[in-house]
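Residue-level listing of the chains:
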Amino acid sequence: MYGKKASELVKECVSAEPGQLTTFNNDLFAQVIEECNGHLLHLQPLMRKIQEHENKLKDKRRSEDEMAISEDERRKSEAEKTVIQTAMKSDQFGALIHHLSLVRNKRCLMAYVYNRAEVIKSLGWVVDCVLPEEIEEKLSSSEKEYFKNHAATLQSYTSELDLDLTVDMVPPKDPYIKVRVLDDIGEIVLSDQVANLTRHAMLFLRRTDAEQYISQGLMEELAG
Amino acid sequence: MAKYYDVDDILAEEELVPAVFQHTANGIGLFDSSDDTNKVEAGSKVELPFWLVCELYLRQLVSIRVPPCFDKESKTREEIGADAAHVDLRSRCPYFYELGCKIAPLIGDKTIGPFLLVAFRIRYKEVLIKAHTLTLAVAPKYLTLLTNEEAKLYEAGQSSIAAFKKWRMGGPRLQIAPLLGRKRKPTG
């Protein structure tokens, strides 16, 4: 059935957890494009045939106009015309189905790329320029490029404004928060201290310092 | 066009609708026909996806029958009438409401609209109650009855309860980005 593969591609988008990415399905993507080419190959001869039928009809009409023909011949040519017209209609019908399938496939492909791009765009707000490995391997090469450019744009805008737009929107009650380190990060120079962030360490950090580590999953905030 | 990129809208249009070809169509191998003509004869009965049927129907190239779940004489209508909340709509049509809304104006069946409304009203109430009360152990069984839209409402109900609890009890405000998942790196 036409358009089946394209819908599988879209289903992949839906089945992923909201906000998560699945691996870019190069294989299926190429198959859908292949299917589109197939439609085009079918479509072209049909269009040619329709054109031929139209020309034939035109010729018939012209010859009728030019020559005075008997009643009998007129009836015969009428019958021929209807035959041509039905054949043309069948061709048009077939062409229409191919056309609609093409449009449909296009929509599915576009939606697949678009919805992934939306997720990738939101990535730019939570991780700084460098993608974690497990996400990067899920992207296609053009998506990687897209992410890089988007993150760069965001950064240049932030530096122009001289305001970090990625921080939490709600003003904190306390500038310091208690965090637990989940991974060995090592010695890091923070805005107010030099901290050795080893795994399982619990410490008070400036909220603004901690925020990026938390969103990257390297720390967690301890309540209370 | 507003829904051009909407994946749910795309998948709703993938649902099959029974149709009958009114004209012969050339050059399409829709059904793996054994002969080489690649032709579909007039009068062939087929199930086509809605996106195709819709356009063909408007040009009067095919005639359509209402899908079984919306049919007046169908079991689904009777079951909805009897106890809407416990009908397994997912197995019949996961995009029950979306497809219903699309197909009703197309074929001009005035009874579909009220039918959908009744079904949704009764089921919505049940979905909300269940979203607040079901334990995790029973929930998967209930979820298999729901259409796509209802499952979303169910999740929305649950997440709003979770958000309410968090607001009341207080909790950490900063969290790992949802995109990165909750996976922690293995120890050592």
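Computed from a prediction, not measured in an experiment: that's the story for all the values here. (Residues numbered from 1 in each chain as written. Chains lettered and ligands numbered in written order. Predicted model: local features only at pLDDT ≥ 70, side-chain atom pairs only at ≥ 80, totals over all residues. Heavy atoms only, no water.)

Asker: What am I meant to see in the overall build of chain B here?
Answerer: When helices and strands are counted, chain B shows seven helices and three strands. Taking all contacts inside chain B whose residues are at least 6 apart in sequence as the whole, residues at least 24 apart take part in 62%. (Helix = DSSP H or I, 4+ residues; strand = E, 2+ residues; numbered from the N terminus. Contact = heavy atoms within 4.5 Å.)

Asker: Just checking my understanding: could you explain the side chain of Asn148(B) for this structure?
Answerer: All names here are of chain B. Here Asn148 shows up in helix H7 (residues 148–169). At 3.2 Å, the side chain of Asn148 and the side chain of Asp8 are in polar contact. Not counting the four nearest positions on each side in its chain, Asn148 is found in contact with Asp8, Arg90, Pro94 and Tyr95. (Polar contact = N/O pair within 3.5 Å; in protein donor to acceptor, adjacent residues only side chain to side chain.)

Asker: Sorry, what's going on with a nonpolar patch on the surface here?
Answerer: All names here are of chain A. Where nonpolar side chains cluster on the molecular surface, the patch consists of Tyr157, Leu161 and Leu163 and spans about 300 Å² of accessible area. Residue position: Leu163 is located in the loop between helix H5 (141–161) and strand E1 (176–181). Overall, the relative accessible area of 51% leaves Leu163 in the exposed class. (Patch = residues over 30% accessible without salt bridge, like charges linked within 9 Å, V, L, I, M, F, W, Y side chains within 5 Å. Areas by Shrake-Rupley, 256 points an atom, 1.4 Å probe, with all protein chains shown as cover. Salt bridge = Lys/Arg side-chain N within 4 Å of Asp/Glu carboxyl O. Buried < 20%, exposed > 50% of the residue type's maximum accessible area, 1.4 Å probe, protein only.)

Asker: Even after reading the chapter, I still don't get the pairing of strand E1 (residues 16–21) of chain B, so can you show me in this structure?
Answerer: Side chains on a regular strand alternate between the two faces of the sheet. All names here are of chain B. In the sheet, E1 pairs with strand E2 (residues 45–49) via five bridges, with the strands oriented antiparallel. Across the sheet, residue Val17 finds its bridge partner in E2, namely Leu48. Note: E1 against strand E3 (residues 62–64), three bridges, orientation antiparallel. Along E3, the bridge assignment pairs Val20 with Ser63. (Pairing = 2+ DSSP bridges.)

Asker: Just to check I follow, could you spell out the packing of helix H5 (residues 112–133) of chain B against H7(B) for this structure?
Answerer: When two helices pack together, their arrangement is given by the angle between the helix axes and the distance between those axes. All names here are of chain B. Running from N to C, H5 and H7 point in directions that differ by 35 degrees, and their axes come no closer than 8 Å. Here the hand of the crossing between H5 and H7 comes out right-handed. Contacts between H5 and H7 involve Phe120, Arg123, Tyr124, Val127, Lys130, Ala131 and His132 from the first element and Glu150, Leu153, Tyr154, Gly157, Gln158 and Ile161 from the second. Grouping the amino acids of the contact of H5 with H7 by side-chain chemistry returns seven nonpolar, three polar and three charged. (Axes fitted to C-alpha atoms, helices over the stretch in contact; angles between N-to-C directions. Left-handed = near helix turned anticlockwise from the far one by under 90°. Nonpolar A, V, L, I, M, F, W, Y, C, P; charged D, E, K, R; others polar.)

Asker: Please explain helix H4 (residues 96–107) of chain B as it appears in this structure.
Answerer: The periodicity of an α-helix, 3.6 residues per turn, causes residues three or four positions apart to be oriented the same way. Residues and elements named next belong to chain B. With 12 residues, H4 should cover 16 Å at 1.5 Å per step; its first-to-last C-alpha distance of 16 Å lies within 8% of that length. Three or more residues of H4 are buried, namely Phe96, Tyr97, Glu98, Leu99, Gly100, Ile103, Ala104 and Leu106. Those residues of H4 that are buried are in contact with helix H1 (7–12), E1, helix H2 (50–58), E3, H5 and H7. Two residues or fewer after H4 comes Gly108, characterised by a positive phi angle close to 65 degrees. (Expected span 1.5 Å × (residues − 1).)

Asker: For this particular structure, what's the right way to read the UniProt feature "domain: GINS subunit" (unreviewed entry) in chain B?
Answerer: Look at the UniProt record and you will see "domain: GINS subunit" (unreviewed entry) annotated at residues 75–168 of chain B. Helix makes up 73% of residues 75–168 of chain B and strand 0%, and the two end C-alpha atoms of the span are 46 Å apart. (UniProt positions renumbered as here; feature names shortened; annotations may be inferred.)

Asker: I'm lost on the side chain of Ser101(A) in this one. Help?
Answerer: By secondary structure assignment, the location of Ser101(A) is in helix H3 (residues 71–126). Setting aside chain neighbours within four positions, we find Ser101(A) in contact with Tyr2(A), His39(A) and Trp51(B).

Asker: So what exactly am I meant to see when it comes to the state of the cysteines here?
Answerer: According to the stated counting rule, one finds zero disulfides over all chains in the structure shown. Summary of cysteine pairing: Cys36(A) is not part of a disulfide, and the nearest cysteine sulfur, belonging to Cys108(A), is at 9.4 Å. (Disulfide = S-S within 2.5 Å.)

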